[in-house]
Structures are given as C-alpha cells and as structure tokens.
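Here's the letter readout for the chains.
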Amino acid sequence: MKKLEKPAIETALKSLKDWQLAKDGLSIERTFKFGDFNAAFGFMTRVALMADKMDHHPEWFNVYNKVEMTLTTHDAGGVTQKDIDLASFCDKASGQ
Ligand SMILES: C[C@H](O)[C@H](O)[C@H]1CNC2=NC(N)=NC(=O)C2=N1
C-alpha cells in the first residue's frame, strides 16, 4: 500500500478524533483514557481482533486505564490508508 504524503494525512486526520501526526511524520498517535482497566482492556481486545483481521497491528502501551497508540505501516515506511482505517475503527471501538 502506498505511503500518504503529509497533506493527505492532514486531510485524513480531520475525519478522526484526536489523532496527531508524529513529529517524524511517519506515524499517527492518540492516547485513549477509560474509566478503569477493564474498559481499557475491553477496547484493546476489540482492536486486537480487528487488527489481526486487517493484518495491520498497532504499537501500543497500556497502563491501567490509559492506552497510547501509534499506527504506521512498516512495509510502506510511513502512514497509509490502512492506518487511517484502523484509527477510525479505534475511535468507534473506544466509544469516545
Ligand atoms: C508479515 C506481515 O504481513 C506484516 O508484518 C504485516 C503485519 N502487520 C503490520 N502492521 C503494521 N502496522 N504495519 C505493517 O506493515 C504490518 N505488516
């Protein structure tokens, strides 16, 4: 899949909630906060199942109710439509 250029990423980010382009321009990032660990892990489970279906996996870091996510496409060396699609799913799966 083809790597998106910065203007295309900026446009795509407008359709997402609170996602940012990383400083190096190679990934998008968002931090999710939930009521407790159970809610955070439920979210991670929903995302994990979809990520595996898409064969597109997040980089993430969880502490209690917080999930920090980074999405990038290693094969393309940057952000692709797959990252945008997974981010959109995460927004929905988070209920936020
Ligand atoms: C071999 C396998 O298809 C690849 O490693 C897949 C799996 N999951 C992936 N996930 C992400 N985020 N980027 C990739 O390029 C990627 N590639």
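Just so we're clear, the structure is a prediction, and the values are computed from it rather than from any experiment. (Residues numbered from 1 in each chain as written. Predicted model: local features only at pLDDT ≥ 70, side-chain atom pairs only at ≥ 80, totals over all residues. Heavy atoms only, no water.)

1. Digging into the pattern of salt bridges
Two side chains that carry opposite charge are able to pair once their charged atoms sit near each other. Per the stated rule, a full pass over the model turns up two salt bridges. Measuring nitrogen to oxygen at the nearest pair gives 3.2 Å for the salt bridge that ties Glu-68 to Lys-66. Among the residues examined, Glu-68 registers a relative accessible area of 31% and is labelled partly exposed. (Salt bridge = Lys/Arg side-chain N within 4 Å of Asp/Glu carboxyl O. Buried < 20%, exposed > 50% of the residue type's maximum accessible area, 1.4 Å probe, protein only.)

2. Some points on the nonpolar core
Residues Trp-19, Ile-28, Phe-32, Phe-43, Val-67, Met-69 and Cys-90 are the most contacted members of the largest nonpolar core, which totals 22 residues. Contributions of two or more residues to this core are made by α1 (6-13), β2 (28-33), α2 (37-54), β4 (66-71) and α3 (81-94). Considering every element that reaches this core, the biggest residue donor is α3, with five residues. Not counting the four nearest positions on each side in its chain, Cys-90 is found in contact with Trp-19, Phe-32, Phe-43, Val-47 and Met-69. (Core = buried A, V, L, I, M, F, W, Y, C linked by side-chain atoms within 4.5 Å. Helix = DSSP H or I, 4+ residues; strand = E, 2+ residues; numbered from the N terminus. Contact = heavy atoms within 4.5 Å.)

3. Remarks on the site of the ligand
Around the ligand, the neighbouring residues are Asp-55, His-56, His-57, Thr-72, Thr-73, His-74 and Asp-75. One of the side-chain nitrogen or oxygen atoms of Asp-55 is found 3.0 Å away from an oxygen atom of the ligand. One of the side-chain nitrogen or oxygen atoms of His-57 is found 2.9 Å away from a nitrogen atom of the ligand. When the free accessible area of the ligand is taken as 390 Å², the share hidden by the protein chains comes to 63%. Most atoms of the ligand, that is more than half of them, are within 2 Å of grid points of the largest pocket. When the residues that make up the shell around the ligand are grouped by side-chain class, the tally is no nonpolar, five polar and two charged. (Near = heavy atom within 4 Å. Polar contact = N/O pair within 3.5 Å; in protein donor to acceptor, adjacent residues only side chain to side chain. Areas by Shrake-Rupley, 256 points an atom, 1.4 Å probe, with all protein chains shown as cover. 1 Å grid on protein atoms, 1.4 Å probe; cavity = no way out; pocket = protein on both sides within 12 Å on 5 of 7 lines; lining within 4 Å. Sits in = over half its atoms within 2 Å of the grid points. Nonpolar A, V, L, I, M, F, W, Y, C, P; charged D, E, K, R; others polar.)

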